[in-house]
Amino acid sequence: MQVQPGPDDPDFALCKVTLTTRFSADAYGGGGNTDVFISASYTLGGTNVPIVSYSNSGRVFHVSGAGDPIVTDLYLPMDSTFSLSITASSSSMVDTSRKPLESQIGDAGILIESAVQVITIEPTAMSFTSDGGVDYGYEINGGDLPQATTIALYWASGTTPDTEIGGPIARKTTETAAGRYPLHAFSDALSGRPLDATYLLTVVDPANSLLPADPSKVESLALYPPALPSSLSSVSGRGAFGGTATLTATLSSGASPLNSEEVSFALVINGVATPLGKATTDAQGVATLPDVSIAGASLGTDAGAIQATFLGDGTFAGTTASGTLTVGPRDVSRQVNLASSGLVYNRATHLFGGTMTLTNAGTTALTSLFEVVLTGLPAGVTVANASGYTADGEPYLLVGLPGGTLAPGQSVTFAVQFSNPGKKLLHYGATILNV
C-alpha cells in the first residue's frame, strides 16, 4: 500500500494508518484458541523498517467463519510504502497435521481498511512583549505526534535556517499531544544580540528527528532597527591588597555615552573570570561598582585583571573590554595599635633610637608584612633606618611578622632611629599598611 498526501496536505506530515484485520480458515478440529501474529513494515529510500508486531494471544480462533477483528494503528511518513504479513501458530486444540492451518489463512483472509490522518507540528507567530522578551511557540494538529522533537529560538541574518547565527538562544523538547503550546523568551535571553542579527527564528525540529526531515518549519520575526555598535573604554579598578576595590568603565556608541545601561564586572586571575557584580551607567556612560572584594589579586598592577561586559539590548549590540587593576597596600590602622618607647640619644651615631610595638587589636589574623608610614615629621627630622619613601615623600618602615602571621592580641616590636640635628620636639602620625 502506498501512502500519499492529498493536494491540500502540507509537505511535512505523518500518516496515521488504521488497519483492521479479520481471519477465516477451515481446519480440522473442535476449535479453540491459537496465537496469531501480525507484523508490519514500511520502506523508505530502499530500506525496510519493521514498525509494529501484534499477538492476539487469548483471542478465540474460529475454525470456520470469521475471527475477531484486530485493529492496529501505524504512523508512517508520507510517500512511504508498507507491506503486511500474517502467520499463525496452532494450539493443541487444532489439528494441523491433516490440514495445515497456515495454508488455510493466506493473504485472502486479510481485509485492510485504511484511514489516512495528517499530523503536523508548526511554529506559531512570534511577537515582542512589553517586558522586552518575545512570545513564540508551536502547534500540533491532526493528532498526537508519535514521538517528541525540539523547538529552538535563534538569532539570524535572514529567514531560513542556513542564516542562523551561533547556537540556539533557547531550546525545548516539544510535547506530543495535539494542541497549541505558547512559549516565552525573557529579555535576559535576548540581551546578547549579535551585531549582524536582523531576525529571530523559531525552528521546529531543528535536528530533523521527525521523518521526513523538513527544515522549512520556520517562523521569523524582523528586528528593527539593526543593532548599533557599542564599546567599553576606561575599564579600571583600584583597591587595597586583600580588601576591596572600586571598578569603573565607560560605555558609549560612537561619540555618544550610553545612559542607564547595565555593565557587568569580573576579576580575571590566571585566566579564570570571577563575577564581581553589575553597575548602571550614568549620564556620562560611566558605570561604577564600589567596595567589591579583590581577594586573590596581587600587589601592583595587572593590565587585564578587570573585565567589563555589556550584553546589549534591543538597540545596541553587546561588547566586552578589559582594563588594569591597581592593588596597593591595605590600611589596617584601625585594627592595629601602635605604641612607641622613649628615645635615647647615641653620642657615637648622633641618632635618637627607640622601639615601636604593633598589636593586632582586631578579631582576624593579619599576614605578610606591615608598612608603617610616619607622617608629619618636623622639618629637618628624618628616619635614619627608613625602608623607603612613599610617592608623597613620607618615610616608611617595613616590619616582618614572625611566622608570617599576627594573630588577634599578638604584638611585634621593631627599632626606629631618627636624625634630629636641631633636637626638635618630635610629633608625628603613623599609617599602618598591610602589604
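Cut-offs applied
- Residues numbered from 1 in each chain as written.
- Predicted model: local features only at pLDDT ≥ 70, side-chain atom pairs only at ≥ 80, totals over all residues.
- Heavy atoms only, no water.
- Pairing = 2+ DSSP bridges.
- Helix = DSSP H or I, 4+ residues; strand = E, 2+ residues; numbered from the N terminus.
- Axes fitted to C-alpha atoms, helices over the stretch in contact; angles between N-to-C directions.
- pLDDT = per-residue confidence, 0-100.
- Contact = heavy atoms within 4.5 Å.
- Buried < 20%, exposed > 50% of the residue type's maximum accessible area, 1.4 Å probe, protein only.
- Salt bridge = Lys/Arg side-chain N within 4 Å of Asp/Glu carboxyl O.
- Polar contact = N/O pair within 3.5 Å; in protein donor to acceptor, adjacent residues only side chain to side chain.

Digging into the sheet that holds strand β15 (residues 218-222)
Thought 1: If you trace the 4 strands from one edge of the open sheet to the other, you get β12-β11-β14-β15, paired in antiparallel fashion. Strands with a single pairing partner mark the edges of an open sheet, and in this sheet they are β12 (164-173) and β15. If you compare each strand with its neighbour and ignore which way they point, the axes differ by 20° on average.
Thought 2: Two strands pair when backbone bridges link them, and strand β11 (residues 150-156) and β12 are joined in this way by 6 bridges, in the antiparallel orientation.

Observations regarding the confidence of the model for the protein chain
Thought 1: With 71% of its residues at a pLDDT of 70 or more, the protein chain shows a mean pLDDT of 79.
Thought 2: Contacts for the low-pLDDT stretch residues 1-13, under 50 throughout, to residues beyond four places or in other chains number 37 contacts.

A closer look at the environment of Thr326
Thought 1: If you trace the backbone, Thr326 turns up in strand β23 (residues 319-328).
Thought 2: For the pair Thr326 and Ile306, spaced 20 residues apart in sequence, the C-alpha to C-alpha distance is 9.8 Å.
Thought 3: Apart from residues no more than four positions distant in its own chain, Thr326 is found in contact with Gly237, Arg238, Gly239, Gly300 and Thr301.

Details of the environment of Gly376
Thought 1: Summarising the element assignment, Gly376 is placed in the loop between β28 (366-375) and β29 (382-383).
Thought 2: The exposed category is assigned to Gly376, whose relative accessible area is 52%.
Thought 3: C-alpha of Gly376 to C-alpha of Ala430: the two residues are 54 residues apart in sequence and 8.6 Å apart in space.

Quick word on the pattern of salt bridges
Thought 1: Taken as a whole and assessed by the stated rule, the structure comprises 3 salt bridges.
Thought 2: Where Lys217 meets Glu122, a salt bridge forms, and the shortest distance between an N and an O atom there is 2.6 Å. Here the residue Lys217 occupies a position in the loop between β14 (199-204) and β15, and Glu122 occupies one in strand β8 (residues 117-123), the gap between them amounting to 95 residues.
Thought 3: Given the relative accessible area of 2%, Lys217 is considered buried.
Thought 4: With relative accessibility at 29%, the residue Glu122 sits in the partly exposed group.
Thought 5: Residues Lys278 and Glu262 are paired through a salt bridge, measuring 3.7 Å at the closest nitrogen-oxygen approach. Taken as a pair, Lys278 in strand β20 (residues 272-280) and Glu262 in strand β19 (residues 262-269) lie far apart in primary sequence, 16 residues in all.

Notes on the side chain of Gln335
Thought 1: Its place among the elements puts Gln335 in the loop between β24 (330-331) and β25 (336-340).
Thought 2: Since its relative accessible area comes to 15%, Gln335 is described here as buried.
Thought 3: In this structure the side chain of Gln335 is engaged in a polar contact, spanning 3.0 Å, whose partner is the backbone oxygen of Thr364.
Thought 4: With residues near it in sequence (within four places) discarded, Gln335 still touches Thr359, Asn360, Ala361, Gly362, Thr363, Thr364 and Leu366.

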